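Breakdown of the fold
The lines below spell out each chain.
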Amino acid sequence: MDLKKFFAELQRRNVYKVGIAYGVVSWLLIQATTQLFPVFEIPAWAARMVVIVLMLGFPVALILAWIYDLTPEGLQRTDEIESTPPVARKTGRKLDFVIIGVLLTIIAVMAVQHYRKSALNDAAQKSIAILPFIDLSETKEQDYFSDGITEQIINSLAHVHGLLVVARTTAFSFKNKEMDVRDVGRQLHVSHMLEGSVNRGPDKVRVVARLIDVANGFHLWSETYYSTEKDLLSLQSDVARKVANALRIELHLAETQQLARPPTDDPEAYDLYLRGRYLLNKRTADSIQKGRLLFEQAVAKDPRFALGHAGIADSYILLGKVGAISSAEVSTHAWPEVLSALALDENLAEVYVSRATLLSDFDWNWPAGEADFQKALELNSNSAIAHHWYARHLAQVGRFDEAIKEVTAAEKLDPLSPVILTSKAKILSAAHRYQDAIAYCHKAIDLETHFGAAFQVLAQAYLHNKQYSEGIETAKKYVEISSGTGFAKLELAYAYAIAGNKTESDRIVNEVTSQPGPFSPYDMAAICAAWRDPNCALEWLGKAIEQRSVDVIWLKVDPRLDPVRSDSRFADVLARLVPRQHPSHVPK
């Protein structure tokens, strides 16, 4: 065979041009398939079938180009038409126009894709949400275990640089909901999702993990682990490493070392810790107390379990926040646990948040507390908890612009957290931005219809915005949700006081103060301020400071105290906010 004549014949029959045209048209079809099929929820196998058909069709197209030719009279067999240059040129020109048109289309599509990718990368490049792993155990009683595995994977990935990780509260809001993983990813504005399941038997644990690209629903990585209880301690670290590798993130040496270090070598201690965290996340006084006991059992099994000590400290801090124990009790019990945890592992961001909260909210040592918040964020910039509590700290000292920036960062990491949304509302209210505060309270209530703290902040925002009837009704709802505690009833008394109904306000105050149950002296000061009675307000503030009430941390900025803030004696009250004296606890 004369190859020169053969290739010349290929050119005359326009086989080259048909091949090029087929290739570019196929590329366009594949692009359209990958973009449109997910939108209409067409299965992934259908997209793969399109690619296979196009590949099989390529040699068929070349054979047909050899046999047939496009002429002015239509499609004819090449052997039956006269091989004249004019016909060849006309056929070639038609194919040239087709190829040029398709190439221009490709250039336009690539330009649009590049623009879209740039825009998406700004918002969601290297971002991930980890859905709660499904409990597949036969008894369906391992929720705490599957939730714990999920939470530890979130914590491990949160320490990876260059990766935005959606926080626990938002991720767990999708638990037990039947939703397409791509829809969840788009709702959270992340580029990737991690999902999986846990099946725990008597001796073995089977864990399945899958990393999914939100854009097309394809699996980037998946793996099945068959682990013993002891092996399980390093599983979440292995998942974090492999996810980072799949996302083409090169881990730093410090990150690799941290991921390689298990939190404890005792499987039973780790199981107790997971049970404790599960209860702590319920955020009721009873569940916190039960969680604390489990943390103490974990530490008894492994005294060097730093996260176990941190869990005990967090339990006491939360009990103080919900009013179950006094500020003095919080300090007495939480400080030793925080110091033990830091002595065991000085690179735990969670423990620095705990110490910062003790320093700021219970010891009133704001400079030392701020240093610890910054240290926690240096260790883990993905910590929504650190951003959240740091924002409240900044608001308490009157740095509202910085506070809103930090709480917005927390909101970005955990957008479906009613706690963070309510804190943002409280900060906005302290900054006298009442309309914005009202809007954020409603967002929180939409997520959790009986979230008491949101109703408390909403009532005050309404009242300060001179929407008195709405404020009173919201305060009543807060009393109902809180089961009529003295703390909640004083919120209603304040609502009546600022609305001008001193008779009803007096009645509620007398009812609360004459009964043996606890109430907040700080709230009594706010009611007196609404009554325009500065002597009464300053007297109750003095009592709140003596008792080291946890509410006093808002003294500098609380709008409820605005009516007495101009009193010359108010500065003397502020001067009494001095740090608790225990030098050994203060970071150097």
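Up top is the structure.
These figures come from a predicted structure and were not determined experimentally.

Quick word on the pattern of salt bridges
Pairs can form between side chains of opposite charge whenever their charged atoms are close. In the structure shown here, the tally under the stated rule is 36 salt bridges. Here Asp506 ties to Lys502 by a salt bridge, and the two come within 3.0 Å at their closest N and O atoms. In this pair, Asp506 and Lys502 are both assigned in helix H23 (residues 502-513), four residues apart and thus about one turn of the helix distant. The exposure class of Asp506 is partly exposed, given its relative accessible area of 24%. Because the salt bridges share partners, they merge into one network encompassing Glu223, Asp238, Arg241 and Lys242.

Regarding the pairing of strand E7 (residues 205-213)
Counted residue by residue, E7 has seven buried out of nine residues, so it is predominantly covered. Direction of pairing for strand E6 (residues 192-200) relative to E7: antiparallel, over a ladder of nine bridges. Across the sheet, Met193 pairs through a bridge with Ile212, a residue of E7. Relative to strand E8 (residues 219-227), E7 runs antiparallel, the two sharing eight bridges. Counted as the bridge partner of Ala209 is Glu223 from E8.

Thoughts on the nonpolar core
Grouped together as the largest cluster of nonpolar side chains are 151 residues, with contacts concentrated most on Leu157 and Leu194. Per-element accounting of this core gives the leading share, nine residues, to helix H12 (residues 306-321). When residues no more than four places from it in sequence are discounted, the contact partners of Leu157 are Ile128, Ile130, Leu163, Val165, Leu194, Ala240 and Val243. Core analysis: the second largest hydrophobic core is formed by twelve residues, Leu131, Val166, Phe174 and Val184 among them.

Quick word on the side chain of Arg200
Tracing the backbone shows Arg200 in strand E6. Within the structure, the side chain of Arg200 is placed 3.1 Å from the side chain of Asp271, a separation counted as a polar contact.

Quick notes on the rules
- Residues numbered from 1 in each chain as written.
- Predicted model: local features only at pLDDT ≥ 70, side-chain atom pairs only at ≥ 80, totals over all residues.
- Heavy atoms only, no water.
- Salt bridge = Lys/Arg side-chain N within 4 Å of Asp/Glu carboxyl O.
- Helix = DSSP H or I, 4+ residues; strand = E, 2+ residues; numbered from the N terminus.
- Buried < 20%, exposed > 50% of the residue type's maximum accessible area, 1.4 Å probe, protein only.
- Pairing = 2+ DSSP bridges.
- Core = buried A, V, L, I, M, F, W, Y, C linked by side-chain atoms within 4.5 Å.
- Contact = heavy atoms within 4.5 Å.
- Polar contact = N/O pair within 3.5 Å; in protein donor to acceptor, adjacent residues only side chain to side chain.

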